[in-house]
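Structural overview for review
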Amino acid sequence: MKKLNVGILGPGTVGGGAYEILTKNKDVIEKRTGVSVEVFKLLTRRPRPEFPAELLTDDPDDILNNPDVNVVVETMGGIQPATSFMLQAMKNGKHVVTANKAAVAANYEELTGAALENEVKFLFEASVGGGIPVLTAIQNALSGNNFLEVMGIVNGTTNYILTKMTEDGADYKDVLKDAQAKGFAEADPTADVEGIDAANKLCILTALLFDKYIAPSDIPTTGISQITGTDIAAAAEEGCKIKLIAHATLKDGQVSCSVAPEKIPNSHPLAGVSNEFNAVYITGDMVGEVMFYGKGAGALPTGSAIVGDIISIAKEIK
Ligand code: HSE
(Lines give C-alpha, C1' and ligand atoms only; values in the text may rest on other atoms or scores of the structure.)
Protein backbone atom coordinates (compact mmCIF):
# COMPACT_ATOMS: atom_id res chain seq x y z
CA MET A 1 0.00 0.00 0.00
CA LYS A 2 1.18 3.51 -0.82
CA LYS A 3 2.31 5.60 2.13
CA LEU A 4 1.94 9.34 2.70
CA ASN A 5 4.18 10.79 5.41
CA VAL A 6 2.95 13.91 7.16
CA GLY A 7 5.08 16.39 9.12
CA ILE A 8 3.25 18.82 11.38
CA LEU A 9 4.79 22.23 12.12
CA GLY A 10 3.32 23.30 15.46
CA PRO A 11 1.22 20.52 17.03
CA GLY A 12 -0.71 22.90 19.32
CA THR A 13 -4.51 23.09 19.48
CA VAL A 14 -5.19 22.75 15.75
CA GLY A 15 -2.15 20.64 14.79
CA GLY A 16 -2.87 18.42 17.80
CA GLY A 17 -6.48 18.04 16.57
CA ALA A 18 -5.22 16.96 13.14
CA TYR A 19 -2.84 14.47 14.81
CA GLU A 20 -5.71 13.03 16.87
CA ILE A 21 -7.91 12.55 13.81
CA LEU A 22 -5.10 11.03 11.72
CA THR A 23 -4.34 8.50 14.44
CA LYS A 24 -7.87 7.73 15.72
CA ASN A 25 -9.42 7.53 12.25
CA LYS A 26 -6.41 5.96 10.52
CA ASP A 27 -8.38 2.90 9.41
CA VAL A 28 -11.24 4.80 7.83
CA ILE A 29 -8.82 7.18 6.09
CA GLU A 30 -6.92 4.19 4.72
CA LYS A 31 -10.14 2.52 3.56
CA ARG A 32 -11.32 5.66 1.77
CA THR A 33 -8.02 6.56 0.11
CA GLY A 34 -6.18 3.26 -0.32
CA VAL A 35 -3.18 5.09 1.15
CA SER A 36 -1.59 4.69 4.56
CA VAL A 37 -1.34 8.21 6.00
CA GLU A 38 1.36 8.32 8.70
CA VAL A 39 2.28 11.10 11.09
CA PHE A 40 6.03 11.16 10.57
CA LYS A 41 7.39 14.14 12.57
CA LEU A 42 6.11 16.94 14.80
CA LEU A 43 8.04 20.20 15.03
CA THR A 44 7.75 21.75 18.47
CA ARG A 45 9.95 23.99 20.55
CA ARG A 46 8.50 22.89 23.86
CA PRO A 47 8.07 19.55 25.63
CA ARG A 48 4.96 17.73 24.40
CA PRO A 49 4.55 14.61 26.54
CA GLU A 50 1.16 13.95 24.91
CA PHE A 51 2.89 12.76 21.69
CA PRO A 52 5.28 9.81 21.13
CA ALA A 53 8.79 11.12 21.88
CA GLU A 54 10.28 9.59 18.69
CA LEU A 55 8.06 11.86 16.54
CA LEU A 56 9.19 15.12 18.15
CA THR A 57 11.87 17.39 16.75
CA ASP A 58 12.87 21.00 17.30
CA ASP A 59 14.71 21.24 13.96
CA PRO A 60 12.51 22.46 11.05
CA ASP A 61 14.88 20.77 8.58
CA ASP A 62 13.82 17.35 9.92
CA ILE A 63 10.52 18.06 8.15
CA LEU A 64 11.20 20.70 5.48
CA ASN A 65 14.34 19.11 4.06
CA ASN A 66 13.47 15.50 4.80
CA PRO A 67 12.92 13.55 1.55
CA ASP A 68 10.66 11.09 3.42
CA VAL A 69 8.05 13.78 4.22
CA ASN A 70 5.36 14.14 1.53
CA VAL A 71 2.94 16.58 3.17
CA VAL A 72 3.72 19.48 5.50
CA VAL A 73 0.91 20.64 7.78
CA GLU A 74 1.53 24.18 9.02
CA THR A 75 -0.36 25.02 12.20
CA MET A 76 2.17 27.29 13.89
CA GLY A 77 0.16 30.48 13.38
CA GLY A 78 1.64 33.92 12.71
CA ILE A 79 2.86 35.18 9.36
CA GLN A 80 6.55 34.37 9.88
CA PRO A 81 8.35 32.03 10.01
CA ALA A 82 5.23 30.10 8.89
CA THR A 83 5.26 31.59 5.35
CA SER A 84 8.98 30.92 4.81
CA PHE A 85 8.57 27.35 6.05
CA MET A 86 5.65 26.73 3.67
CA LEU A 87 7.58 28.18 0.72
CA GLN A 88 10.61 26.06 1.57
CA ALA A 89 8.48 22.93 1.82
CA MET A 90 6.92 23.56 -1.61
CA LYS A 91 10.31 24.30 -3.13
CA ASN A 92 11.36 20.87 -1.84
CA GLY A 93 8.42 19.25 -3.65
CA LYS A 94 6.18 18.79 -0.62
CA HIS A 95 2.43 19.42 -0.56
CA VAL A 96 1.37 21.97 2.05
CA VAL A 97 -1.82 22.10 4.11
CA THR A 98 -2.44 25.00 6.49
CA ALA A 99 -5.00 26.52 8.85
CA ASN A 100 -3.07 29.78 9.05
CA LYS A 101 -5.42 32.52 7.81
CA ALA A 102 -3.01 35.35 8.68
CA ALA A 103 -0.19 33.85 6.58
CA VAL A 104 -2.45 32.81 3.68
CA ALA A 105 -4.10 36.25 3.54
CA ALA A 106 -0.83 38.18 3.81
CA ASN A 107 1.02 36.11 1.19
CA TYR A 108 -1.77 34.59 -0.90
CA GLU A 109 -0.23 35.22 -4.31
CA GLU A 110 3.27 34.13 -3.34
CA LEU A 111 2.03 30.92 -1.70
CA THR A 112 -0.40 29.90 -4.46
CA GLY A 113 2.24 30.86 -7.05
CA ALA A 114 4.83 28.64 -5.34
CA ALA A 115 2.43 25.70 -5.48
CA LEU A 116 1.96 26.13 -9.24
CA GLU A 117 5.64 26.63 -9.86
CA ASN A 118 6.64 23.55 -7.87
CA GLU A 119 3.67 21.44 -9.04
CA VAL A 120 2.48 20.67 -5.53
CA LYS A 121 -0.80 21.18 -3.70
CA PHE A 122 -1.31 24.14 -1.39
CA LEU A 123 -4.59 23.62 0.49
CA PHE A 124 -6.05 25.85 3.20
CA GLU A 125 -9.66 24.77 3.82
CA ALA A 126 -9.10 25.05 7.59
CA SER A 127 -8.17 28.75 7.34
CA VAL A 128 -11.78 29.97 6.92
CA GLY A 129 -14.69 28.72 8.99
CA GLY A 130 -12.74 25.94 10.79
CA GLY A 131 -14.53 22.68 10.07
CA ILE A 132 -16.97 24.15 7.51
CA PRO A 133 -15.98 22.93 4.03
CA VAL A 134 -16.75 26.24 2.34
CA LEU A 135 -13.55 26.80 0.35
CA THR A 136 -13.75 23.35 -1.22
CA ALA A 137 -17.40 23.95 -2.13
CA ILE A 138 -16.58 27.32 -3.74
CA GLN A 139 -13.86 25.67 -5.85
CA ASN A 140 -15.83 22.55 -6.76
CA ALA A 141 -19.59 22.14 -6.37
CA LEU A 142 -20.33 25.86 -6.80
CA SER A 143 -17.70 26.67 -9.38
CA GLY A 144 -20.20 26.90 -12.25
CA ASN A 145 -21.50 30.16 -10.76
CA ASN A 146 -20.57 33.78 -11.05
CA PHE A 147 -20.57 34.84 -7.44
CA LEU A 148 -22.42 38.01 -6.54
CA GLU A 149 -22.11 38.34 -2.78
CA VAL A 150 -20.71 36.76 0.36
CA MET A 151 -21.69 37.54 3.94
CA GLY A 152 -19.82 35.66 6.61
CA ILE A 153 -19.84 35.30 10.34
CA VAL A 154 -16.28 34.04 10.34
CA ASN A 155 -15.00 34.89 13.79
CA GLY A 156 -16.23 32.71 16.63
CA THR A 157 -14.93 34.91 19.44
CA THR A 158 -16.84 38.03 18.37
CA ASN A 159 -19.99 36.06 17.58
CA TYR A 160 -19.80 34.50 21.05
CA ILE A 161 -19.38 37.92 22.68
CA LEU A 162 -22.25 39.52 20.70
CA THR A 163 -24.53 36.53 21.42
CA LYS A 164 -23.91 36.69 25.17
CA MET A 165 -24.36 40.48 25.20
CA THR A 166 -27.64 40.10 23.26
CA GLU A 167 -29.13 37.11 25.05
CA ASP A 168 -27.86 37.56 28.61
CA GLY A 169 -27.08 41.29 28.73
CA ALA A 170 -23.52 40.21 29.59
CA ASP A 171 -20.65 42.67 29.90
CA TYR A 172 -18.24 42.84 26.92
CA LYS A 173 -15.06 42.38 28.97
CA ASP A 174 -16.39 39.43 31.00
CA VAL A 175 -17.49 37.56 27.88
CA LEU A 176 -14.16 38.20 26.14
CA LYS A 177 -12.41 36.54 29.11
CA ASP A 178 -14.84 33.64 28.83
CA ALA A 179 -14.10 33.26 25.06
CA GLN A 180 -10.36 33.26 25.82
CA ALA A 181 -10.84 30.58 28.48
CA LYS A 182 -12.81 28.46 26.00
CA GLY A 183 -9.91 28.66 23.52
CA PHE A 184 -11.68 30.43 20.62
CA ALA A 185 -9.76 33.70 20.85
CA GLU A 186 -6.43 34.40 19.16
CA ALA A 187 -3.30 34.68 21.33
CA ASP A 188 -3.80 38.44 21.05
CA PRO A 189 -7.60 38.86 21.06
CA THR A 190 -7.26 42.30 19.45
CA ALA A 191 -7.19 40.39 16.14
CA ASP A 192 -10.63 39.00 16.96
CA VAL A 193 -12.40 41.98 18.49
CA GLU A 194 -11.05 44.55 16.02
CA GLY A 195 -12.09 42.44 13.03
CA ILE A 196 -8.55 41.68 11.79
CA ASP A 197 -9.06 37.90 11.87
CA ALA A 198 -12.35 38.29 9.95
CA ALA A 199 -10.60 40.54 7.39
CA ASN A 200 -7.95 37.83 6.82
CA LYS A 201 -10.71 35.30 6.19
CA LEU A 202 -12.61 37.68 3.90
CA CYS A 203 -9.42 38.24 1.89
CA ILE A 204 -9.22 34.47 1.28
CA LEU A 205 -12.93 34.16 0.43
CA THR A 206 -12.72 37.13 -1.97
CA ALA A 207 -9.67 35.68 -3.73
CA LEU A 208 -11.51 32.41 -4.38
CA LEU A 209 -15.00 33.79 -5.11
CA PHE A 210 -14.08 36.78 -7.27
CA ASP A 211 -10.58 35.79 -8.37
CA LYS A 212 -9.39 39.04 -6.86
CA TYR A 213 -6.80 39.46 -4.13
CA ILE A 214 -7.53 42.35 -1.80
CA ALA A 215 -4.95 42.66 0.97
CA PRO A 216 -6.47 42.56 4.47
CA SER A 217 -5.02 46.03 5.15
CA ASP A 218 -7.10 47.35 2.18
CA ILE A 219 -10.36 45.97 3.59
CA PRO A 220 -12.23 48.65 5.59
CA THR A 221 -12.45 47.00 9.00
CA THR A 222 -14.37 47.89 12.15
CA GLY A 223 -14.51 45.51 15.08
CA ILE A 224 -16.97 45.13 17.94
CA SER A 225 -15.05 46.79 20.77
CA GLN A 226 -17.24 49.92 20.60
CA ILE A 227 -20.57 48.04 20.55
CA THR A 228 -22.59 48.70 23.68
CA GLY A 229 -25.67 47.16 25.26
CA THR A 230 -27.55 50.26 24.11
CA ASP A 231 -26.65 49.57 20.44
CA ILE A 232 -27.81 45.98 20.82
CA ALA A 233 -31.11 47.06 22.43
CA ALA A 234 -31.71 49.66 19.66
CA ALA A 235 -31.14 46.98 16.99
CA ALA A 236 -33.54 44.65 18.82
CA GLU A 237 -36.22 47.40 18.73
CA GLU A 238 -35.85 47.34 14.93
CA GLY A 239 -36.18 43.52 14.83
CA CYS A 240 -32.46 43.01 14.20
CA LYS A 241 -29.37 41.45 15.74
CA ILE A 242 -25.92 42.99 15.53
CA LYS A 243 -23.42 40.60 13.92
CA LEU A 244 -19.82 41.13 12.79
CA ILE A 245 -20.15 40.57 9.05
CA ALA A 246 -17.35 39.95 6.57
CA HIS A 247 -19.09 41.24 3.46
CA ALA A 248 -18.06 41.35 -0.20
CA THR A 249 -20.19 42.19 -3.22
CA LEU A 250 -19.61 42.32 -6.95
CA LYS A 251 -21.32 45.24 -8.68
CA ASP A 252 -20.59 46.59 -12.14
CA GLY A 253 -17.46 44.44 -12.27
CA GLN A 254 -16.07 45.91 -9.04
CA VAL A 255 -15.60 44.01 -5.79
CA SER A 256 -16.24 45.99 -2.64
CA CYS A 257 -15.65 44.55 0.77
CA SER A 258 -15.80 45.39 4.44
CA VAL A 259 -15.74 43.89 7.90
CA ALA A 260 -18.12 45.69 10.25
CA PRO A 261 -20.92 45.17 12.75
CA GLU A 262 -24.17 45.07 10.74
CA LYS A 263 -27.81 45.00 11.76
CA ILE A 264 -29.17 41.69 10.48
CA PRO A 265 -32.97 41.29 10.42
CA ASN A 266 -34.14 38.46 12.70
CA SER A 267 -35.69 36.76 9.65
CA HIS A 268 -32.28 36.41 7.90
CA PRO A 269 -30.57 32.99 8.32
CA LEU A 270 -27.40 34.68 9.64
CA ALA A 271 -29.34 36.11 12.60
CA GLY A 272 -29.80 32.57 13.92
CA VAL A 273 -26.04 31.86 14.03
CA SER A 274 -25.17 32.06 17.72
CA ASN A 275 -22.28 31.66 20.12
CA GLU A 276 -18.99 30.50 18.59
CA PHE A 277 -20.64 29.10 15.46
CA ASN A 278 -19.66 30.46 12.04
CA ALA A 279 -21.68 30.70 8.83
CA VAL A 280 -20.93 31.77 5.29
CA TYR A 281 -23.86 32.93 3.14
CA ILE A 282 -23.05 33.01 -0.56
CA THR A 283 -25.09 34.21 -3.52
CA GLY A 284 -24.28 32.73 -6.93
CA ASP A 285 -25.95 33.69 -10.20
CA MET A 286 -27.17 30.13 -10.80
CA VAL A 287 -27.48 28.47 -7.40
CA GLY A 288 -29.04 31.50 -5.68
CA GLU A 289 -28.41 31.70 -1.95
CA VAL A 290 -26.56 28.98 -0.03
CA MET A 291 -25.42 28.98 3.58
CA PHE A 292 -22.65 26.93 5.19
CA TYR A 293 -22.85 26.57 8.97
CA GLY A 294 -20.74 24.90 11.62
CA LYS A 295 -17.92 25.15 14.13
CA GLY A 296 -15.43 27.76 13.01
CA ALA A 297 -12.76 27.13 15.63
CA GLY A 298 -11.39 24.45 17.93
CA ALA A 299 -9.04 21.48 17.69
CA LEU A 300 -11.24 18.81 16.13
CA PRO A 301 -13.43 20.91 13.77
CA THR A 302 -10.35 22.69 12.37
CA GLY A 303 -8.36 19.44 12.43
CA SER A 304 -11.17 17.83 10.43
CA ALA A 305 -10.68 20.37 7.62
CA ILE A 306 -6.91 19.78 7.65
CA VAL A 307 -7.38 16.03 7.42
CA GLY A 308 -9.88 16.52 4.56
CA ASP A 309 -7.17 18.38 2.64
CA ILE A 310 -4.62 15.62 3.39
CA ILE A 311 -7.13 13.02 2.15
CA SER A 312 -7.62 14.86 -1.13
CA ILE A 313 -3.81 14.78 -1.61
CA ALA A 314 -3.74 11.06 -0.73
CA LYS A 315 -6.46 10.34 -3.31
CA GLU A 316 -4.54 12.24 -5.93
CA ILE A 317 -1.22 10.45 -5.34
CA LYS A 318 -3.08 7.15 -5.48
N1 HSE B 1 -9.94 33.31 16.82
C2 HSE B 1 -10.62 32.66 15.76
C3 HSE B 1 -12.11 32.78 16.01
C4 HSE B 1 -10.20 31.21 15.69
O5 HSE B 1 -12.50 33.22 17.09
O6 HSE B 1 -12.89 32.47 15.12
C7 HSE B 1 -10.58 30.48 14.42
O8 HSE B 1 -10.00 31.03 13.27
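Structure's up top.
Note on numbering: residues in each chain are counted from 1, in written sequence order. Totals for whole chains, interfaces and linings use all residues, but because this is a predicted model, local features are given only for residues with pLDDT of at least 70 and pairs of side-chain atoms are given and counted only at 80 or more. Side-chain figures throughout are based on the complete set of non-hydrogen atoms in the structure, without hydrogens or water.

We define proximity as follows: a residue is near a molecule or strand when any one of its heavy atoms falls within 4 Å of that partner. Around the ligand, the structure places Lys101, Asn155, Gly156, Thr157, Phe184, Ala185, Glu186, Asp192, Asp197, Lys201, Gly296 and Ala297. In this structure, an oxygen atom belonging to the ligand sits 2.7 Å away from a side-chain N or O atom of Thr157. For the ligand, a nitrogen atom lies 2.7 Å from a polar atom in the side chain of Asp192. Protein chains bury 91% of the 260 Å² of accessible surface belonging to the ligand in isolation. Taken atom by atom, the bulk of the ligand overlaps the largest pocket. Helix numbers and strand numbers start at the N terminus; a helix is a DSSP run of H or I with at least 4 residues, a strand a run of E with at least 2. Breaking the shell around the ligand down by element, the ones donating at least two residues are α8 (156–168) and α11 (196–210). Side-chain classes are defined by residue name, with Ala, Val, Leu, Ile, Met, Phe, Trp, Tyr, Cys and Pro counting as nonpolar, Asp, Glu, Lys and Arg as charged, and the others, Gly among them, as polar. Tallied by class, residues from the shell around the ligand come to three nonpolar, four polar and five charged. Polar contacts here mean pairs of N or O atoms no more than 3.5 Å apart (in protein, one a potential hydrogen donor and the other a potential acceptor; neighbouring residues in sequence count only if both atoms are side-chain atoms). In this description, accessible areas are obtained by the Shrake-Rupley approach with a 1.4 Å probe, and a residue is regarded as covered only by the protein chains that are shown. Cavities and pockets are defined on a 1 Å grid built over the protein atoms alone: a cavity is a set of grid points where a 1.4 Å probe fits but cannot escape, while a pocket is an open set with protein on both sides within 12 Å along at least five of seven lines, and lining residues are those with an atom within 4 Å of any such point. For this analysis, a molecule is said to be in a pocket or cavity if more than half of its atoms are within 2 Å of the grid points defining it.

A simple rule labels every residue: compare its accessible area, found with a 1.4 Å probe on the protein chains alone, to the largest value its type can have, and call it buried under 20%, exposed over 50%, or partly exposed in between. Of the two faces of strand β4 (residues 71–74), the one carrying Val71 and Val73 and the one carrying Val72 and Glu74 are both buried. What makes two strands pair is DSSP finding at least two bridges between them. Note: strand β1 (residues 2–9) against β4, four bridges, orientation parallel. Note on β4: the bridge partner recorded for Gly7 is Val72. Sheet topology note: the β4/strand β5 (residues 95–98) ladder contains four bridges and is parallel.

Once that is clear, we can look at the packing of helix α1 (residues 13–24) against helix α13 (residues 299–317). Here the axes come from fitting lines to C-alpha atoms, over the contacting stretch only for helices, and the angles between their N-to-C directions go from 0 to 180 degrees. α13 packs onto α1 with a crossing angle of 60° between their chain directions and a minimal axis gap of 7 Å. Classified by the angle between their axes, α1 and α13 sit oblique to one another. Where α1 crosses over α13, the two elements pack in a sense that is right-handed. Packed against α1, whose contacting residues are Thr13, Val14, Gly17, Ala18, Glu20, Ile21 and Leu22, the element α13 presents Ala299, Leu300, Thr302, Gly303, Ser304, Ile306, Val307 and Ile310 at the interface. Each residue belonging to the contact of α1 with α13 can be placed in one class, and the counts come to nine nonpolar, five polar and one charged. For classification purposes, an angle smaller than 35 degrees is called roughly parallel, one larger than 145 roughly antiparallel, one from 65 to 115 roughly perpendicular, and anything else oblique. Crossing chirality is assigned from the near helix's rotation relative to the far helix, an anticlockwise turn below a right angle marking it left-handed and a clockwise turn marking it right-handed. When checking whether two residues touch, look at their non-hydrogen atoms; a contact exists if any pair is within 4.5 Å.

Take the number of residues in a helix, subtract one, and multiply by 1.5 Å to get its expected span. The first and last C-alpha atoms of α11 sit 20 Å apart over 15 residues, in line with the 21 Å expected at 1.5 Å per residue. With 14 of 15 residues buried, α11 is to be regarded as a mostly interior element. A positive phi of about 55° marks Asp211, the residue just after α11.

Before going further, it helps to examine the sheet that holds β4. Ordered in space as β3-β2-β1-β4-β5-β6, the six strands form an open sheet in which the pairing is parallel. A strand with exactly one partner marks an edge of an open sheet, and here the two such strands are β3 (56–57) and β6 (122–123). Along the sheet, α1 makes contact with β1 and β2 (35–43), crossing β2 at roughly 145°.

A separate point is empty space enclosed by the protein. Grid points are joined across faces, edges and corners, and a volume is the space filled by probe spheres set on the points. Summed over all chains, the structure comprises one cavity of 30 Å³ or more. Empty space within the largest cavity amounts to approximately 60 Å³. As for the largest cavity, its lining consists of Leu162, Thr163, Thr166, Glu167, Lys241, Ile242, Lys243 and Ser274. Counting residues per element, the ones that place at least two in the lining of the largest cavity are α8 and β8 (240–251).

There is about 1,000 Å³ of room inside the largest pocket. As for the largest pocket, its lining consists of 43 residues, and the residues nearest its centre are Val14, Thr75, Met76, Gly77 and Glu186. Residue assignment for the lining of the largest pocket shows that the elements contributing at least two residues are α1, α5 (101–106), α8, α10 (190–193) and α11. Grouping the constituent residues of the lining of the largest pocket by class yields 14 nonpolar, 20 polar and nine charged. When its volume is computed, the second largest pocket comes out at roughly 420 Å³. For the second largest pocket, the lining is made up of 17 residues, of which Lys121, Phe122, Leu123, Phe124 and Gln139 are closest to its centre.

On to the side chain of Lys41. Within the secondary structure, Lys41 sits in strand β2. We score Asp and Glu as negative and Lys and Arg as positive, and we do not count His or the chain ends. We count a salt bridge whenever a side-chain nitrogen from Lys or Arg sits within 4 Å of a carboxyl oxygen from Asp or Glu. For the buried residue Lys41, which engages in no salt bridge, the nearest side chain bearing the opposite charge is Asp62, 5.6 Å off. A distance of 3.2 Å separates the side chain of Lys41 from the backbone oxygen of Glu54, its partner in a polar contact. Every residue in contact with Lys41, bar those within four places of it in the chain, is listed here: Val6, Gly7, Ile8, Glu54, Leu55, Thr57, Asp62 and Ile63.

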